[in-house]
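Single-letter residue listing:
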Amino acid sequence: VQLMKGEQREEQGLGPDPAAAPQPTEEEEALIEFHRSYRDLFQFFCNNTTIHGAIRLVCSQHNRMKTAFWAVLWLCTFGMMYWQFGQLFAEYFSYPVSLNINLDSDKLVFPAVTVCTLNPYRYTQIKGELEELDRITEQTLYDLYKYNSSNTLGAHPRGRRDLRETWPHPPQRLRSSGRKSNLSWKKQLSESCNQNKSDCFYQTYSSGVDAVREWYRFHYINILSRLRDTSPSPGEDMLDNFIFACRFNQDSCNQANYSHFHHPMYGNCYTFNGKNSSNLWMSSMPGIKNGLSLTLRTEQNDFIPLLSTVTGARVMVHGQDEPAFMDDGGFNLRPGVETSISMRKEALDRLGGNYGDCTKNGSDVPVENLYRSKYTQQVCIRSCFQENMIKECGCAYIFYPLPKNAEFCDYRKHNSWGYCYYKLQDAFSSDRLGCFTKCRKPCSVTSYELSAGYARWPSVTSQDWIFRMLSRQNNYTINNKRNGVAKLNIFFKELKFKTNSESPSVTTVTLLSNLATQWSLWFGSSVLSVVEMAELIFDLLVITFLMLLRRFRSRYWSPGRGGRGAQEVASTPASSLPPHFCPHSTPPSSSPPGPATSAALTAPPPAYATLGPCPSPSSLLPNCLWCGGGKQDG
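Residues numbered from 1 in each chain as written. Predicted model: local features only at pLDDT ≥ 70, side-chain atom pairs only at ≥ 80, totals over all residues. Heavy atoms only, no water.

In the nomenclature of an unreviewed UniProt entry, the protein is known as Epithelial sodium channel subunit alpha of Ursus maritimus. The annotation that UniProt attaches to the protein under Sequence similarities (unreviewed entry) is "Belongs to the amiloride-sensitive sodium channel (TC 1.A.6) family. SCNN1A subfamily." Regarding the protein, the UniProt comment filed under Catalytic activity (unreviewed entry) reads as follows: "Na(+)(in) = Na(+)(out)". (UniProt positions renumbered as here; feature names shortened; annotations may be inferred.)

Participant: It is not clear to me how the overall build of the protein should be interpreted in this structure. Could you clarify?
Facilitator: Across its full length, the protein holds 19 helices and 22 strands. Out of the 634 residues belonging to the protein, those deemed buried represent 39%. Counted over contacts in the protein with a minimum sequence separation of 6, partners at least 24 positions apart contribute 73%. As displayed, the protein has an accessible area near 36,900 Å², and 53% of this comes from carbon and sulfur atoms. (Helix = DSSP H or I, 4+ residues; strand = E, 2+ residues; numbered from the N terminus. Buried < 20%, exposed > 50% of the residue type's maximum accessible area, 1.4 Å probe, protein only. Contact = heavy atoms within 4.5 Å. Areas by Shrake-Rupley, 256 points an atom, 1.4 Å probe, with all protein chains shown as cover.)

Participant: Mind showing me how you'd approach the UniProt feature "transmembrane region" (unreviewed entry) in the protein here?
Facilitator: UniProt records the feature "transmembrane region" (unreviewed entry) at residues 67–85, using the numbering of this structure. Along residues 67–85 the backbone is 100% helical and 0% strand, and the end-to-end C-alpha distance reaches 27 Å.

Participant: Looking at this structure, I do not really get the packing of helix α8 (residues 208–225) against helix α12 (residues 417–429). What am I missing?
Facilitator: For the pair α8 and α12, interaxial distance at closest approach is 12 Å and the crossing angle is 120°. Regarding the angle of α8 to α12, the classification is oblique. Taken as a pair, α8 and α12 cross one another with a handedness that is right-handed. For the pair formed by α8 and α12, the contact residues are E214, F218, I221 and N222 on the first element and W417, G418 and Y422 on the second. Per-class residue counts for the contact of α8 with α12 are four nonpolar, two polar and one charged. (Axes fitted to C-alpha atoms, helices over the stretch in contact; angles between N-to-C directions. Parallel < 35°, antiparallel > 145°, perpendicular 65-115°, else oblique. Left-handed = near helix turned anticlockwise from the far one by under 90°. Nonpolar A, V, L, I, M, F, W, Y, C, P; charged D, E, K, R; others polar.)

Participant: Just checking my understanding: could you explain the sheet that holds strand β14 (residues 331–333) for this structure?
Facilitator: Backbone hydrogen bonds hold the strands of a sheet together, and the pairing may be parallel or antiparallel. Pairing is antiparallel across the open sheet formed by five strands, whose spatial order is β9-β10-β3-β13-β14. In this open sheet, the two edge strands, each paired with only one partner strand, are β9 (258–263) and β14. Looking at each pair of strands side by side, their axes are set apart by 30° on average, direction ignored. In this structure, strand β3 (residues 112–116) lies alongside strand β10 (residues 267–272), joined through four bridges in antiparallel fashion. If you follow V113 over to β10, its bridge partner there is F272. (Pairing = 2+ DSSP bridges.)

Participant: Looking at this structure, I do not really get the pattern of salt bridges. What am I missing?
Facilitator: As enumerated under the stated definition, the model contains nine salt bridges in all. Two residues, D426 and R432, come together in a salt bridge whose shortest N-O distance is 3.2 Å. Judged by its relative accessible area of 43%, D426 is partly exposed. Salt bridges here are not isolated pairs; linked through shared partners, they connect D357, D364 and R440. (Salt bridge = Lys/Arg side-chain N within 4 Å of Asp/Glu carboxyl O.)

Participant: Looking at this structure, how should I read the packing of helix α1 (residues 38–48) against helix α16 (residues 527–556)?
Facilitator: Any two packed helices are characterised by the angle at which their axes cross and by the distance between the axes. Following both chains from N to C, one finds α1 and α16 inclined at 170°, their axes separated by 11 Å at the closest point. Taken together, α1 and α16 sit at an angle that is classed as roughly antiparallel. When the axes of α1 and α16 are compared, the crossing they make is right-handed. Residues Y38, L41, F45 and N48 of α1 touch α16, and the partners they reach there are E532, M533, L536, D539, L540, I543, T544 and M547. Here the residues of the contact of α1 with α16 are counted per class, giving eight nonpolar, two polar and two charged.

Participant: For this particular structure, what's the right way to read α12?
Facilitator: For an α-helix, 3.6 residues make a turn, and residues three or four places apart therefore share a direction. With 13 residues, α12 extends 18 Å between its outermost C-alpha atoms, agreeing within 8% with the 18 Å of an ideal straight helix rising 1.5 Å per residue. Those residues of α12 lying buried are W417, G418, Y419, C420, Y421, Y422, L424, A427 and F428. In this structure, the buried side of α12 is in contact with α8, α11 (377–393) and α13 (435–438). Of the residues flanking the end of α12, it is D431, one or two places downstream, whose phi is positive at about 60°. (Expected span 1.5 Å × (residues − 1).)

Participant: Explanation requested: the environment of K127 in the structure shown.
Facilitator: In this structure, K127 sits in the loop between α4 (123–126) and α5 (131–145). Separated by 177 residues in sequence, K127 and I304 place their C-alpha atoms 8.6 Å apart.

Participant: What exactly am I supposed to notice about the state of the cysteines here?
Facilitator: In a disulfide, the sulfur atoms of two cysteines are covalently bonded to one another. Summed over the entire model, instances satisfying the criterion amount to seven disulfides. Covalent S-S linkage joins C116 and C269, the inter-sulfur distance amounting to 1.9 Å. Between C116 and C269, the disulfide has an S-S torsion of 110° and is therefore right-handed. Placement of the pair is C116 in strand β3 and C269 in strand β10, with a sequence separation of 153 residues. The class of C116 is buried, set by a relative accessible area of 0%. A sulfur-sulfur separation of 2.1 Å characterises the disulfide bridge that pairs C384 with C435. Residues C384 and C435 are joined by a disulfide whose S-S torsion is about -80°; by sign, that bridge is left-handed. Residue C384 is located in helix α11, and its partner C435 is located in helix α13; the two are separated by 51 residues in the primary sequence. (Disulfide = S-S within 2.5 Å.)

Rendered as structure tokens:
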């Protein structure tokens, strides 16, 4: 193997070896060869590469201006190409996504539908617990607006001083010059604001109705925390007393098609086609006749007057494995109106990992799911707030699920929980609790796009016989006919559903294709040209290594070892040589001593195997001294 082209044996400090093999010719090249200099390597590369423009650096070598021009142009092109490479890699590692929209048509699973009565308790059932609260509310309305609500509430007002001792901080009218009167009160449950009475929370409303309802609702929560064990069962508010008729796909509903739960504000709620249903409903045809049709009772004869101020019913459409958040996604039904809701299903599939901040099932979210249902962002946010409520206030908010070893807030046990709750609510809204940061979006979301239409129902010509049939069928007398019933139709507008899915905008294949495009644009070459560049870099590294190795050997190895050995032989006195041995001298007839002979004898100390007996010490002593002390010139 030949390391460098034309490299001589002089590198090792030896003279020319007459017996050495001749150097290989151009036709007899070695297996591995490297150029002797960078210039040779560069010229070879420019003459043989397939990269456009490189040969101009060699062809124009006799014209320095052209050489300089092509050198600058080649370097600028090289820099622009790698700048484009940087842009492509930056785009790739930013992980962009593309949104793909697919339209499919097939049988669809009908979603879950939850309908609530808008009345948490019958007023006659809970009137005893609300008696004191109703009295102070009645007195407040009289003091503020001179309104006597005794006929509505059926209570008798007491003195304001006596009421204040039981229910502190009722709403008060604030008057200021040039401004409209407002209602305000301290949102706390006792005369102290917090434990050390150092801070208080105030809220101002421009509407007296809103102020009274909020104050009433706040104290109602405390009463409700003591009534959780006596929440009404389905038997106390029978489904037949709320839903007069139920049909799906023109078939009557049965008890296996719905489940019941109680909401603290919206009362008895019934979920049709929920996860507890034995057989889920399937829609094979669109249209109003192939959906869910409900006839509801909307009378308010036994509603809580100061709490339930809306008539009708509340409905929400959601997935089977998702809880019904009636505050967020529900809407009210108007009495005496037929509400027809058409649906269209949509699905969204996000990419997780580096492409988006989403979670597949919520297992990697640092918030415990208190709803024991499918992970949604609202489930996580509400669970996060409840955790902070228990941690900061020492009790749980009654509208959210109750964790283990916790109890709902009651001012009799937690006298400053109201102050703590409103402060926590303010921190929650500004995301100082970090709930919106912790609760990531789910990667897969199914939603329903709703559109509603309204019509008066029943019509004037048909209302008599419809009301009579409903009364006889359900054994119930409808006093206020038009305000006592409402009809709801929910159906699929079409069986086509849209799926929005994310996919990587720049894949590895796309990146390689873009890199190749840039390479071809700036240099007009291919993948083999890239290999040529890699070969050039490899040759540069090898030549640099060999040149450094030659310098190291010439400096620390060959000159030191050969020179010191020759000097030792030359400085050895004749008396110290063996009496019967000396270096073999060349016979005088073969080659007289001269410069050529002296050069041939230059070597490291000779091997002792070449030493032999001297024929005559007196005649050969000068020759022996010359043999041992001969030294190469230069």
